[in-house]
Every structure is written in C-alpha cells, then in structure tokens.
Amino acid sequence: MPNKDNKGIKSNENLWEVKMRRCVRWLGLVVGVFMVVGISGVAFSAQEAGFPPNPPQQITLRLLTTAWLSPLHPLADWIGEKGASLYRTRYNKWQKRYPNVKIEEEIVPWEEIGKKFIIMDEAGNSPDVVIVEENFTPELAAAGRLMPLDELLPAGKKEDIHPTLGYLLFWKNQLMALPTGTDARLMFYRKDLFDQAGLSYPTADWTWEDQMEAARKLTFDTQGRHPGESGFNLDRVKQWGYGFCFGRTVHAPLSVYAPNLWQMGGDLVDESGKATFNSPQGVEALNFFVNAVNKYHVSPLAVAGADYPDIEQGFIKGTYAMVRLGSWECTPANLPSYIPDKYGWTEIPTPTDGKDATMSGYWSWAVSSRTKYPQYACALATWFTDVEFMVTMAIQGDLYNQLPMYKSAMKYLPVGSDMAAMTEYELRCAKGFPKLLGGWALWDLMESALSSAVRGTKSPKQALDEAANEYNGKYWVPIKE
Amino acid sequence: MNFIKIYPTLGKSLLEGKLKKRGVFIKRKRNKNLVSKIGIYVILIVLLLVIFSPIIWGISTSLKPRDQIFESIPHWVPRTWVSENYRSIIKDTPLPKHFGNSLIICLLTIIATLLISSPAAYKFARSRQRSMRITLFLFLSTMMVPGLISLIPLYVIMSHLHLLNTYWVLVIMYTGWNAPFSIWILKSFIETIPREIEESALIDGCSEFQVFCKIILPLSGPGLAAVSTIVFINSWNEFISAVTFTSSDAVRTVPVGLQMLLGYYFIRWGPIMAAATLSTLPALVLFLFLQRQLVAGLTKGALKG
Amino acid sequence: MRKSLTDQLWILPAAVLITFLTVYAFVFNINLSFRKYPLYSDIRPFVGVENFRTLLADYFFWASIVRSLKYTVSCTVLAFGLGFLIALLLNTKIRFRGLLRGLFLVPWVLSLVATGILFKWFFQEPDGLVNQYFSLLGIRILPWFSDPALAFGLIVAAFVWRMHPFAMVVLLAALQAVPEELKEAAKIDGAGVFQSFIHVTLPLLLGPILVVIIILSLWAFNTIDLILIMTRGGPGEATNLASYLMYQYAFSYWRFGYAATIGIVLFAVNIILTLLYIRILKPKV
C-alpha cells in the first residue's frame, strides 16, 4: 500500500513485471469470460437437464397413478372439479411444450398402486413414472427400482424440499422422488357445541390438560351429567368431548399417536430403523389417549377400531366436539359441504413443557429405474411438482390436502389465510413417516399395541414393549445406505 | 343312493322319472294348517327384513341429498328424494363403460366355460377309468391353490403374451378358474341323464360328438343355466386380478370401478351407495330370469352329489 | 388305447387351460418358498427350508391358523344353518315362492366390495345405524369394530350374509327333489313331521349337505377381500386369518418368499379338506 506511488518507476524489472501483470490480467479476463460463459452454460444445461427439448420422435411415457392424482382421468373431475381442471390446464401446457411426448395413464384404486407397481416391475413391464405414498420410496429405492433424480433435476429443486418432511425421499443422499403437496394433522372443534357449553374456542397454546378439561365439559350423557359427576352413565353418552382413531386402515399409529410422541421428545424409531417407541415418552404419549378413554371418559371405546371416516362422520353428526383429523377436512367436499360454519381448527395441543409437533403424509412422483426416457420421465415429475403451480392449485382448488411442502412455498401464500397458517404450522413442526424397510409391519404391530392399551387388556408399557420387541426381533431390517 | 337301500321300490320308481311330477303332489296337497302357514310367512318376512336391512339402508342413502346423509336420527325413507347421486354416477364417472366391459367379459367367460367344460364333464360322467377320476381330482385341486400367490407369475406370462389390458386376459383366467367347479356340477348333472338314449343313438350310427351335441347338450339345459349363473356371479364380482391385469377404462370391470370411487381424502357416500346399488342390477335381473333354471339345474345335480 | 386317446381329446381344452393357469404359477411359488425374497433387496438367495422352519416357529402364523379354523367352522355352520332354514321354509306350499326365492338370493349378487362398504356403514361406531337404534331403544351401544370378539363376529356375519344364498339354493334344489311319496309313506307308517324329516329327508340330503359344507368351508378358509375391506386384521390380531396373513406378507410386508411358503401350507390344508370331501363322497365321485 505505501509503495503505491512508485508504480512503473523501476525500468527493466518493472517492464517485465508490467508485461506479466498485463498477461495475468488478460489471462484473468479470459478465465473470467470462460467462467461467466461456463457458469451460465452450466446453469443453462442444468435448466436443460430439468426440461430437455421436445424429442424428435414420438415417445410414450406410462404413468401409474390413481384417479385423484391424474391429469387426464374423468374421475379426477368427479372427485374434485377445481383441482382437476387446474391439473388439466397444466397438462395442456405440457403437451404444447412436448407435442412428441405422449402420456399413457394406468389408473388403479389408490390402495393398489404399490402392489401394482411391484407386480409390473417384477414382470419387467414397469411404468416410466409412478405416484406412490412416500413411506414406500425407501424400499423401492433400496432395491434399485427407482431412478435417482439428482442429475436430471433443475438446479435448486432438490434443496427446496423441506428436510424433515421429505427426508425419506432421499436414499444414499440422492433424491428418489418428488413430493406433491402434503397434509397436516390438526385439531378440529365444533364451534356450536363449544358455544352451547359456554366454553371459549381452543387456541394454539392449549395444553393436554386444557384439552382434557374442555373435553370433560363437552362430554355428557342423556341426563346431561358429565364424567366424574355422580350418576354419569357411560353407556348412555350423548356427546363425546374428544374423538380420535386407532383403527388399522389409516396408519393410525402415525397419524394420531406419533405427534404426541414427538411432542414429548420421543421418536418412533432410531436411525437404524429400530423401534424405540416403548421409551418413557412413548408410554406417556399413549397414556394421554388411554386416559381419555378409561380415566376421564371423554372418548368412547369405539376409537380403538375407528378410522378417519368414522370420526369424521361422528364430528359431522355432532357426536364428537373435538377430533384429531387432517387439513384435508377443509376441502370443499368434506366439512364445508356438511357443516360450513360450525367447525374450526387449531394446532394439536401440546403437553406442558413439550414442543409443537404434527404429522404429515403425502404422495410423490418417482421414476422407474427401467424407464427408457429418464430425462422426460423426470421432466414430467418436475412439471407437475412445480412449487408455483402447486401453490396455485392448493389455493385456487381449495386443496387443503395439498399444502405445498417446499421451503420456497411460503412466499406465494396469501398472508393470514388458513392455507398459509396450516402450511406454516406444518413447515415449522411436522414430521413425516420414519424411514423403514420392514414394510407396514410396524404399523400393524403398533395398531395392536395401541388398541389393546385403549381396551385395557394390556398396560400401555407392556403393549408398547411387546410391539417394539416383536418388530425389532422379527421384521426390523437395518438401514444401510 | 342311501334311500334306495331303505325304500327299494319307492326309491327306484322315483329315480326313474317320477321326480318331475313332484309339482303335482305339491299342488294337490293343500296344507290346512293355517297357523303354521302364517308362522312360516312371519319368519320368512322377518328374515327377509333382517337380511335386506343393509341393502335397503344403502339404497335409502343413495336417494338422499348430501346434507341428509349424516343425521343423528336415522331416516329410512329419505325426507327429500333426489336422483342426483345416480345421475352423477351415470354421467360423470366411467362406471357405465365398466358395466359394458363387465357384461362382455362375463358373457365371453360363460361361453368359453361352457365350451370347454361341457365336453370334459360329459367324459368324466361317462368314463369309469381310474385315470379319469384322478384327472378330475387334479382339476378340483386347482381350486385349492390360493389365487393370490399366482398373481405375479401370471402377470409375467400374460405380459409375454401381450394379453395385458385386454378382455381376453380376464376371460382366460376366469374361464380357467371356473372350469373345475363347472365341470363338477355339469358332470353330476349329466350323470342323471339315462345312458340308454345315447346308446341307442350310437347303435343308429351317430358319432359320439353328434350324440353329445344333439342329445346331451339339449338335455342338460338347466345344468348349463346353473353353471352360467354361478360363473356370472363369480366373474362379475372378481376384484384382485381385474385390478392387476387391466389398466384402462376401456377394459376395466365394475368392482374395480367401484373401488376407484373411494377417494383417499374423502368418500362421497351418496354416489357410492348409488353405484353399489347399480352394480348389483345386472346380476339381479339375471337371477330373477334364470333362478327357475338355476334351481332346476342344481336339483338334478344335487342329489347325485 | 385309441378309445382312451379320443377320451382325452374331450378333456384336452379344459386340461390345457387349467394347466396353463396353475402349473407355472405353482412351480414359481415352490421356487419362491425356498428363497429369501424381500422387496428391499434385489438379490434372492436360496435359503433351503429356512422359510418353512421359520413358519413352524411362527406363533403369529399358528395363531392365525387357529383363528382361520374358528372362522371357517363358524361361517360354515351359520351360513349352512341359515341357508338350510330358509330352504326348509321355502320348501313349503306358500304363495310367492318364486319371488321370495329370488329375493333371498340377492345378497349373493352383491360384490364383496359392496358388502364390506354396507357393513361398515351399518355397524359404524359409536353412532352408526345399529348403534343409533340401540341407543334409541335404551340398549347399551356396542363397539363393533373395536372389540375383538365383536369384530370377529362381524366378519363372520358378513360372510354368512353374502354366502348363505349359495347353501340355500343348493339345499332347496335338493329338498325339492325329495319325492313326496316317501314322506307320505313315512306318514302312513306313523312318523311325525320331525321324524319323517330325520329319517327320510335328511339321509337323502346327505350328499348335497356335504357338498355345501365343504365348499363353504373352502371359501371361508380362503377369505381375503372381506377382511381387507372391513378390518384389515384388526383390532389387534382379532380378525387376522391365515389367508389374510399371506396377503399381508406378500403385499404389505413385501416378503414374497415367506408369503409363498404360507401359500404352500394353506394349499396343503385346502387339499386335506378336499381329500376329506372326496373321501366322504367317494361312492358318488
């Protein structure tokens, strides 16, 4: 710095130095130009990797999906007209862009997708693209049935996926599937029943105790007596305070039990996939539900075998004042078409000193490893999981079951809307299914444990211990990525 | 038969053809005991009501508007009658197309089953060879293979034969699965046809095939009707292989279409009940028309075991 | 020799089709049952009889076999009983017999999917139709799908509800074939209605009765759809039948090797039932 003025005075050496400097400058410039070109080239080619040009010849992509996740099938309209028409518009745009890529759909009932994909894949006849439930991806990825998408995706797409929700879509650090929108599990309450009981509506800061207290006031028998009062008749209950479902068909262990477990700081499985839900936190979480049925009598024994449709209908009929359901209940075909002004929702109450937690489930677009056109297959998946499109679809289609699960989603959502609030809740504290290779064995075992604890045939501790040991001994497969 | 040993004369004379006249006896012998008759009616009607209650409740639900489906006080008769659920199923879903597919598949299956099982049944009925008995047992034992475990291997075969997603794949499988049962019923039926007729025809110079076509088939009409009905019901309601081996609405059958109406996030109960009601109609119509033959066909087959 | 060859030609189409559909599938599954074949792995090592050994020690499997047998027995007895009762009532001289017979056949027409939907809809808890009536009548409402015994009862009821028309129609046909003269002869000999039924009608029906019983029990033993739609084996393990366990291992836990092993064992059980059936009906088959 002090020698700044002396620049260019020293003759020979200096001249050489100047030349050198010029040289370096030139070199720098050239390198710089190359770098700029290179970077933009890389960026450009990354864009290209996401969306290749229209193929010269006609190709056909086979898409295995179900009616309500289909861009083409007429039943999509029947199930939800608004969402389907947006889906179709998006599909028309795709066709305009790729006139030579024909999409051939294979539509099956949603429960059959996984089964059908395996059977097709076993026969060497797998579809190019498949839409699967997210908890299925690890097993498919582990067997090499799915195409890693990292090199085919546009830049930033992979990083945009919410890490805790989307983590089971990753296998060996490679992204194996692109998530669609997700749902969040919430607490729903009947405003009219709260008004009748003279209670104020639940809020996000409610604790388990608050909820139990309100539930007790909202439970009464045909004579109007509440649980705990003398003469309360458990066999003649007219209205129940709290409804949840431990039935086998809804992955209830996760949907209902896991948020409470996570709130307590426990977890379902550890990193190797071994069951750990029989921890003290797990027992505590289960006690909440067992007590609701057997100690406080605010939930019927029927919850042990109930599914989502059961408690949804009970909620509509006014049998339950509060229920644990999911954000999908706010879609037009659900609660709004039956009891439009009578329901409200809030976050799931937490234990004192506990943290917020909820659970999310979603479907994801995966590409078969057998596809002949990985680029186009991946482009199709990317096209329909575009963040802006998904947000538009969620908002315009009132699809509360399709909350965007990409980090960049929040900026598109209207501030103060239900959709934004749910998405914020879900991005803040939701977890998804654990990554497992034991199929659905864990859910079945847990369902047995939970329902037997609620029925009182086993203590919560004993039931959870038995299920965990059974799983770890018989079904657990170590996860080696 | 057992009763021939006990009542030799009566039993024999009956077996030789007086069986058909039983209607005469029934009409002639009027039961004078009115009380027991009323008792029978009462029991039958109570049973009918109990058995039909889920169906009636389903139909009732299908005729209600959406906001009356879930009510804390149940109404068997809808307070407001609507046809929108049925209209929605017929107009907005591919279910009518599935009906057509199901009908074609069932029809082809019935024809194919009758074509392959009636000659076999004829041979099994007339042959006294040990090898034939063993073959029949082997046929029947294929009914015992749990259908589920053949899904993957059959899918492999069918995909190599390029039969996936066609009517034929279902027709072939349904025919194969229904054949043992059908052969067995038809065999019992053909056994009741007296041999003398064929033998005289053979002596007159007819070939065995002619005998089969001109004598056996016309005489086993009720048996064929019975088999057709059972095959129809089995194929009309088959789900697991229908969903596995077909993939487009062009060949999809009704049970799969019905299952597809059940959404992941919500279930439209009204239209689904309407669809369930509609899905039973063809089989029901068939039953009402064919039940006389069905019962007659089984009557002959049944006593022979 | 030539005669027997032409004989075989008559059977050939059926034999070819049945063989085509079963033999490869069967061999495929035998092969599979000696392999470890989970979904998460792309190698399928040969493990010998390990699957069978595991199966022998598998408490869940044996419990489910016991459950299956219980289910089979109750379904068969009830469906048979109900079918027989209706057949007997319809075999009297009443009016509208044809219509009534047609109506009683209706549940058989319903697909299992529809049956499952109707039953869930009907017995929903705590406030499905049945429970609503229970509470209106002041009877204690029942946790239909939450109580193991009740849930088991429900899947039995659903089976009986759908399958009893089969028993009814076969037995009715058989009853109508019982010659009236025999009953009259018995009456002349001084036998009452009940005695004539026991000594004349019943021995005559023995063949059809056994057919119905065996076929019903085979259907019951192999039930999958109904459980899939109604309970999925829950609550707990209460409705987890062996056939459904096989389904779970194949398409829910994704262990095809073990599922094939269960399939082979179930096939053996079925064969034992068939042999029993053939043996009992030996004079006739």
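See the structure above.
Below is a short write-up of the structure. (Residues numbered from 1 in each chain as written. Chains lettered and ligands numbered in written order. Predicted model: local features only at pLDDT ≥ 70, side-chain atom pairs only at ≥ 80, totals over all residues. Heavy atoms only, no water.)

1. Side note on the overall build of chain B
A tally of helices and strands in chain B yields 15 helices and 0 strands. In chain B, which comprises 305 residues, the share counted as buried stands at 57%. Here the contacts in chain B between residues at least 6 apart in sequence split such that 73% fall between residues at least 24 apart. (Helix = DSSP H or I, 4+ residues; strand = E, 2+ residues; numbered from the N terminus. Buried < 20%, exposed > 50% of the residue type's maximum accessible area, 1.4 Å probe, protein only. Contact = heavy atoms within 4.5 Å.)

2. What to know about the interface of chain A and chain C
Contacts between the two partners involve 46 residues from chain A, matched on the other side by 41 residues from chain C. When residues of chain A are sorted by the area they lose upon contact with chain C, Lys115, Arg248 and Arg455 of chain A head the list and together hold 15% of the total. Applying the counting rule to chain A against chain C returns 6 salt bridges. With its nearest N and O atoms 2.7 Å apart, the salt bridge here joins Glu111 of chain A to Arg232 of chain C. Where chain A touches chain C, the interface holds 22 residue pairs in polar contact (both at pLDDT 80 or more). Broken down by secondary-structure element, the contributors of at least two residues to the side of chain A that touches chain C are α4 (113-122), α5 (137-142), α12 (308-317), α17 (441-455) and α18 (460-475) of chain A. The biggest single contributor to the side of chain A that touches chain C is α17 of chain A, with 7 residues. Considered class by class, the residues forming the side of chain A that touches chain C number 20 nonpolar, 10 polar and 16 charged. (Buried area = accessible area lost by both parts, 1.4 Å probe. Salt bridge = Lys/Arg side-chain N within 4 Å of Asp/Glu carboxyl O. Polar contact = N/O pair within 3.5 Å; in protein donor to acceptor, adjacent residues only side chain to side chain. Nonpolar A, V, L, I, M, F, W, Y, C, P; charged D, E, K, R; others polar.)

3. Thoughts on the interface of chain B and chain C
Contact residues are listed per partner, giving 102 residues for chain B and 92 residues for chain C. Linking chain B to chain C there are 0 salt bridges. In this structure, the connection of chain B to chain C is made through 6 residue pairs in polar contact (both at pLDDT 80 or more). Per-element accounting of the side of chain B that touches chain C gives the leading share, 18 residues, to helix α15 (residues 269-304) of chain B.

4. Remarks on the packing of aromatic side chains
Using the criterion set out here, one finds 67 aromatic pairs over all chains in the structure. Taking 5.8 Å as the distance between ring centres and 85° as the angle between the ring planes, the aromatic pair formed by Phe51 of chain A and Trp383 of chain A counts as edge-to-face. Note that Phe51 of chain A is positioned in the loop between α1 (12-50) and β1 (59-65) and Trp383 of chain A in helix α14 (residues 374-384), a separation of 332 residues in sequence. Taking the centre distance of 5.3 Å and the plane angle of 90° together, the rings of Tyr249 of chain C and Tyr253 of chain C count as edge-to-face. For Tyr253 of chain C, a relative accessible area of 6% translates into the label buried. Counting every residue linked through ring pairs, the aromatic cluster contains Phe136 and Trp440 of chain A together with Tyr37, Tyr244, Tyr247, Phe251, Trp254 and Phe256 of chain C. Above the plane of the ring of Trp476 of chain A lies Lys274 of chain A, whose end atom (NZ or CZ) is 4.6 Å from the centre. Taking the ring centre of Trp78 of chain A as reference, the NZ or CZ of Arg268 of chain B above it sits at 4.5 Å. (Phe/Tyr/Trp six-rings, centres within 6.5 Å; stacked < 30°, edge-to-face > 60°. Lys NZ or Arg CZ within 6 Å of the ring centre and 35° of its normal.)

5. A short note on the environment of Pro148 of chain A
Residue and element names in this part refer to chain A. When you line up the elements, Pro148 lands in the loop between α5 and α6 (157-160). Each C-alpha atom, one on Pro148 and one on Phe170, is 8.9 Å from the other, the two residues being 22 residues apart in sequence. Ignoring any residue separated from it by four or fewer positions in sequence, one finds Pro148 in contact with Gln174, Leu175 and Met176.

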